[in-house]
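# Residue-level structural notes
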2 protein chains.
Amino acid sequence: MEIKIALVGCGNVGTAFIELLAEKRNELKNKFGFFFSLVMVSDKIKGTICNKNGFDIDELVLALHEEHNLSHFEQAKGNFQEVLLASGANFLAECTPTDFETGEPGMSHIKFALDNGISVSTTNKGPIALAIDDLKQIADGHGAKIFCEGTVLSGTPLLDLLKNGLAGCEILEVQGILNGTTNFILSQMEQGQTYEAALKKAQLLGFAEANPRQDVEAFDPAGKVLVLAKLIYGINVDFNSIKRIGITHVTKEMIEIAAKNNHRIKLIAGIHRDINGLHLYVMPRELENTHPLASVNGATNAITLTTDNLGDITLIGPGAGRRETGQALLHDLIEFARTK
Amino acid sequence: MEIKIALVGCGNVGTAFIELLAEKRNELKNKFGFFFSLVMVSDKIKGTICNKNGFDIDELVLALHEEHNLSHFEQAKGNFQEVLLASGANFLAECTPTDFETGEPGMSHIKFALDNGISVSTTNKGPIALAIDDLKQIADGHGAKIFCEGTVLSGTPLLDLLKNGLAGCEILEVQGILNGTTNFILSQMEQGQTYEAALKKAQLLGFAEANPRQDVEAFDPAGKVLVLAKLIYGINVDFNSIKRIGITHVTKEMIEIAAKNNHRIKLIAGIHRDINGLHLYVMPRELENTHPLASVNGATNAITLTTDNLGDITLIGPGAGRRETGQALLHDLIEFARTK
């Protein structure tokens, strides 16, 4: 079997995915039993290239490393849709930037691909949060599949765990550390730094944006908990109905007092179920030191799923990173090959 | 599609599996798209019953709860092999007790089923540790499959994580808390108890056997790490070559000194890779408090897998329990239905 891969969005994650394809090609053949070719790469800034017979991946990796663009190759003629169809791809890796309001440009890419029977793996939270039901329906109607492991916790396989590992379990409660930046800041504050100093350090290290509002006011983890509510419970929640409290009011003193009680303060994103339904929230919470999320430090992410059959299951791993998110695309590619 | 299930070994785990089948039958139909019938139950002590059309599961659960045996039903005539073939089963749930030396009686059950094209899910570590290669080969040769999620960490889906979630990752190092009894004893000792008092408490609570050697001298986690080495790296290791040190020499004082250095002592079962190959071990190790395994308390199990693409991935969950291990069989049944 040969899988013809197109990639749209060739930034850090897209480039890491190409590197992984180069590195793992023998394993994909020997262990998972499939060949692939990379027939198209499209990036708003770097250009669009297409080769129905597949690019030389090593040459492509080298060009991306040396020139940081695709000018080494002849540019394809036509718009994204035309080139995608001409490429003969049957699998699209979509890693354009997230827009929670419109889902674009990912939404159009994904819909067009699925409409044409091309399966998709996306790392873009926007289209999944906004329209996963529609996208699944389009996919079903055209013999295609949609995968999105990379939309939550990068390549840490939470969605796979929910689908495969915990098959047969009911999820009764979700509690997670879904934002690495704020967890890094809180970890720094535990070591005695003020909020301001810790934020500055996060910015210097590239964890936090110059405008850190998405993280510290918890918009980012709220978006992730929205995706989880959709994927676990199949419900649509209005973003504004999520109880959302960031870490801007957490002080060094609060953390010290918590520590004296053998507690740690963590920004917890969760879904709580009671007789009134599901409640989505992100807020700083004091956890006992023995809670499995309490010892999760730095930029690491983690999630505790309370289940009917197994009690608490906790998964800890990276929440971001270029290779880590590239792994999510590789995971989805392997799943596509297995179920094709 | 209808799956015809036979069960051999109707102790705590087998009974929990039947309860789960009763509880989840609608979900299995609606969410996973399959019907099942339970056509045979065989237990060395409780008896053997067979009904080609499927038993009334509620009646079966009631009889097991009230009479603790199968005398409510007409006993089947013939030996295990004859009854299994007569039942028309296409899926055998095998949960007889583990014997690491011969693998029996599970080995014979599993081989016979696979030889006759009947897929198997087993919670029995013996046959998997001793002969997984042979069993896979028999399965392949007869259009059957063999599943064994319940052989490590009960229903905590470690094997699924390795197969599906981490597909595409290389496992560079394995470190786990794979024995709940010893982790419970060490947790009690951290709270000030002596080894002897903690062991006695574990025995009173039913965590530890009257003869606790399997646990405290680390034979049990050594057996699990043997299974992991086989499943992750495909290698056969002689049990006696595993470096195995139990917790009998760990003192309250050692734990107190570790605590002063912000360390905790855990019995770690692991696989270490270096230029000389793979090294399997179980031994008490001092972990920094920030290590993801350091905060795993009581009878809970956990494993940290160091990978090339994702760094450290940690999974924490139950390591034993009747419903928890029943869930492993349910997981395998769903996987069988999905891939049938």
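Summary of the structure given here. It should be emphasised that the depicted structure is a prediction, and the values quoted were computed from it without experimental measurement. Starting afresh in each chain, residues are numbered from 1 along the sequence in its written order. Chain letters start at A and ligand numbers start at 1, both assigned in the order the entries are written. Only residues with pLDDT of 70 or above have their local features reported here, since the model is predicted, and side-chain atom pairs are shown and tallied only from 80 upward, although totals for entire chains, interfaces and linings are computed over all residues. Values reported for side chains reflect all heavy atoms of the structure, with hydrogen atoms and water molecules removed beforehand.

Moving on, we come to the overall build of chain A. Counting from the N terminus, the helices are DSSP H or I runs at least four residues long and the strands are E runs at least two residues long. Counting secondary structure elements, chain A contains 12 helices and 12 strands. Every radius of gyration here is taken over C-alpha atoms, with the globule rule written as 2.2 Å times N^0.38, N being the number of residues. Relative to the 2.2 N^0.38 estimate, which gives 20 Å for 340 residues, the radius of gyration of chain A is 21 Å and therefore close to what a compact globule would have. Taking the principal axes of the C-alpha coordinates as reference, chain A spans close to 65 × 45 × 40 Å. Expressed as a percentage of its 340 residues, the buried residues of chain A come to 58%. Two residues form a contact once any of their heavy atoms are found within 4.5 Å. Long-range contacts, defined here as pairs at least 24 residues apart, represent 68% of the contacts in chain A between residues at least 6 apart. The protein chains shown are the only cover counted for residues, whose accessible areas, like all others here, come from Shrake-Rupley with a 1.4 Å probe. Taken as a whole, chain A presents about 13900 Å² of accessible surface, with 49% of it coming from carbon and sulfur. Charge counting follows a simple rule: Lys and Arg are positive, Asp and Glu are negative, and His as well as the terminal groups are ignored. The atom standing in for a charge is NZ when the residue is Lys, CZ when it is Arg, CG when it is Asp and CD when it is Glu. Each charge sign in chain A was given a centre, from 31 positive and 41 negative side chains, and these centres are 2 Å apart. Each residue is assigned to one of three classes by its accessible area relative to the maximum for its type, calculated with a 1.4 Å probe on protein chains only: buried under 20%, partly exposed between the two thresholds, exposed over 50%.

To continue, consider the packing of helix 1 (residues 12–30) of chain B against helix 2 (residues 57–67) of chain B. All names here are of chain B. Remark: helix 1 packs on helix 2, axes separated minimally by 10 Å, with the N-to-C direction vectors making an angle of 145°. Helix 2 is crossed by helix 1, and the crossing has left-handed handedness. Contacts between helix 1 and helix 2 involve Thr15, Ile18, Glu19, Leu21, Ala22 and Arg25 from the first element and Ile57, Asp58, Leu60, Val61, Leu64 and His65 from the second. All axes here are fitted lines through C-alpha atoms, helices being fitted over the stretch that makes contact, and every angle between N-to-C directions spans 0 to 180 degrees. Definitions for this section: a left-handed crossing has its near helix turned counterclockwise from the far helix by less than a right angle. A right-handed crossing has that turn clockwise.

Moving on, we come to the relation of the copies chain B and chain A. Once chain B is rotated about the relating axis by 180° and shifted along it by 0.0 Å, it coincides with chain A to within an RMSD of 0.0 Å. Here the two chains are linked by the operation of a two-fold rotation axis. When C-alpha positions in chain B are compared against the rotation axis, the closest is assigned to Leu315 of chain B, at 2.4 Å. Of all interface residues in chain B, 100% are interface residues in chain A too; the two copies therefore contact each other through one and the same surface. Our superposition of the copies is a least-squares fit, built on the C-alpha atoms of residues whose pLDDT is at least 70 in both.

Residues and elements named next belong to chain B. Of the two faces of strand 4 (residues 91–94), the one lined by Phe91 and Ala93 and the one lined by Leu92 and Glu94 are each fully buried. Pairs of strands are assigned from DSSP output, requiring at least two bridges between the strands. Bridge analysis of strand 1 (residues 2–8) against strand 4 gives 4 bridges, and the strand direction is parallel. Considered in strand 4, the bridge of Ile5 is made with Phe91. Where strand 4 and strand 5 (residues 119–122) come together, 4 bridges link them in parallel fashion. Pairing of Glu94 across the sheet is with Thr122, part of strand 5.

The next subject is the interface of chain B and chain A. Across the contact, 39 residues belong to chain B and 40 residues belong to chain A. Summed over both partners, the accessible surface that disappears when two parts come together, traced with a 1.4 Å probe, is what is meant by buried area. The junction of chain B with chain A conceals about 3000 Å² of combined surface from both sides, 51% of it contributed by carbon and sulfur atoms. Counted as salt bridges are all cases of a side-chain nitrogen of Lys or Arg within 4 Å of a carboxyl oxygen of Asp or Glu. The interface formed by chain B and chain A includes 4 salt bridges. The salt bridge partner of Asp308 of chain A is Arg323 of chain B, with a shortest N-O separation of 4.0 Å. Each polar contact in these results corresponds to two N or O atoms within 3.5 Å; when the atoms are within protein, one needs to be able to donate a hydrogen and the other to accept it, and residues that are neighboring in sequence are counted only if both atoms are side-chain atoms. The interface formed by chain B and chain A contains 23 residue pairs in polar contact (both at pLDDT 80 or more). Breaking the side of chain B that touches chain A down by element, the ones donating at least two residues are helix 1, helix 6 (158–165), strand 12 (311–317) and helix 12 (322–339) of chain B.

Here the focus is the sheet that holds strand 1 of chain B. Taken together, the 6 strands give an open sheet; going across it, the order is 3-2-1-4-5-6 (chain B), and neighbouring strands pair in mixed fashion. Both outer strands of the open sheet, strand 3 (47–50) and strand 6 (146–147) of chain B, are each paired with one neighbouring strand and no more.

Next up on the list: unusual backbone geometry. Backbone torsion omega between Glu104 of chain A and Pro105 of chain A reads 5°, so that peptide bond is classified as cis. Assignment of secondary structure puts Pro105 of chain A in the loop between strand 4 (91–94) and helix 4 (106–115). Even without being glycine, His68 of chain B reaches a positive phi, approximately 55°. Given the relative accessible area of 55%, His68 of chain B is considered exposed. Positive phi is not limited to glycine here, since Ala218 of chain B has a value of about 70°.

Turning to helix 3 (residues 80–87) of chain B, a few remarks are in order. Residues and elements named next belong to chain B. Residues Phe80, Val83, Leu84 and Ser87 constitute the buried set of helix 3. Buried residues of helix 3, viewed axially, fall in a sector of 100°; they line one side. Looking at the packing, one finds that the buried side of helix 3 touches strand 1, strand 2 (35–43), strand 3, strand 4 and helix 4 (106–115). After helix 3 finishes, the residue Gly88 shows a positive phi value of roughly 75°. The arc refers to the directions leading from the helix axis to the C-beta atoms.

It is worth spelling out the sheet that holds strand 9 (residues 263–274) of chain A at this point. A sheet is described by the order of its strands in space; here 12 strands give the open sequence 8(A)-10(A)-9(A)-7(A)-11(A)-12(A)-12(B)-11(B)-7(B)-9(B)-10(B)-8(B), paired in mixed fashion. The strands lining the two open edges of the sheet, one partner per strand, are strand 8 (243–244) of chain A together with strand 8 (243–244) of chain B. The sheet contact formed by strand 9 of chain A and strand 10 (residues 277–288) of chain A spans 12 bridges and is antiparallel. The residue bridging Lys266 of chain A from the neighbouring strand is Arg285 of chain A, located in strand 10 of chain A. Its contacts with the sheet put helix 6 of chain B on strand 12 (311–318) of chain A together with strand 7 (171–177), strand 11 (301–307) and strand 12 of chain B, and the angle it makes with strand 11 of chain B is roughly 20°.

With respect to the helices, strands and loops of the structure, Asp220 of chain A is situated in helix 10 (residues 219–233). If we ignore the near neighbours within four places in the chain, the residues touching Asp220 of chain A are Leu178, Asn179, Gln214 and Asp215 of chain A.

Taken as a whole and assessed by the stated rule, the structure comprises 24 salt bridges over all chains. Between Glu23 of chain A and Arg323 of chain A there is a salt bridge whose closest N-O contact spans 2.8 Å. Residue Glu23 of chain A is found in helix 1 (residues 12–30), and its partner Arg323 of chain A is found in helix 12 (residues 322–339); the two are separated by 300 residues along the sequence. Given a relative accessible area of 23%, Arg323 of chain A falls into the partly exposed group. When salt bridges that share partners are traced, they join Glu23, Lys24, Glu27 and Arg323 of chain A together with Asp308 of chain B into one network.

Residue and element names in this part refer to chain B. Of all 7 residues that make up strand 7, 6 are buried, and the element is covered over most of its length. Examined bridge by bridge, strand 7 and strand 11 share 6 bridges and lie antiparallel to one another. Among the inter-strand pairings, Val174 is bridged to a residue of strand 11, identified as Leu305. Bridge count for strand 7 against strand 9 (residues 263–274) is 4 bridges, and the pairing is antiparallel. Following the sheet pairing, Gln175 is matched in strand 9 by Gly270.

This brings us to the nonpolar core. Note on terminology: a nonpolar core comprises buried Ala, Val, Leu, Ile, Met, Phe, Trp, Tyr and Cys residues joined through side-chain atoms within 4.5 Å. In terms of nonpolar packing, the biggest core is built from 141 residues, with Leu84, Leu158 and Leu228 of chain A together with Leu84, Leu158 and Leu228 of chain B touching the most fellow members. In contact with Leu158 of chain B, other than residues within four places in its own chain, are Glu149, Val152, Leu153, Leu228, Ile303, Leu305 and Leu315 of chain B.

This next bit is on helix 4 of chain B. All names here are of chain B. By the criterion of burial, helix 4 is predominantly enclosed, with 7 of the 10 residues buried. Every buried residue of helix 4 is listed here: Gly106, Met107, His109, Ile110, Phe112, Ala113 and Leu114. Looking at the buried residues of helix 4, the elements they touch are strand 1, helix 3, strand 4, strand 5, helix 5 (125–141) and strand 6. Gly117 sits one or two residues past helix 4 and shows a positive phi near 75°.

To continue, consider the packing of aromatic side chains. All names here are of chain A. Note on aromatic contacts: the rings of Phe and Tyr and the six-membered ring of Trp form a pair at centre separations within 6.5 Å, being stacked when their planes are under 30 degrees apart, edge-to-face when over 60 apart, and tilted otherwise. Under the defined criterion, the tally for this structure stands at 10 aromatic pairs over all chains. Pairing Phe219 with Phe239 gives two aromatic rings, centres 6.4 Å apart and planes at 5°, and the pair type is stacked. Of this pair, Phe219 sits in helix 10 while Phe239 sits in the loop between helix 10 and strand 8, and the two are 20 residues apart along the sequence. Using a relative accessible area of 23% as the deciding quantity, one classes Phe239 as partly exposed. Through a chain of ring-to-ring contacts, the aromatic side chains of Phe91, Phe147 and Phe336 assemble into a single cluster. We call a charge positioned over a ring when the NZ of a Lys or the CZ of an Arg lies within 6 Å of the ring centre and within 35 degrees of the ring normal. A cation over a ring is seen here: Arg244 above Phe219, with NZ or CZ 3.9 Å from the ring centre.

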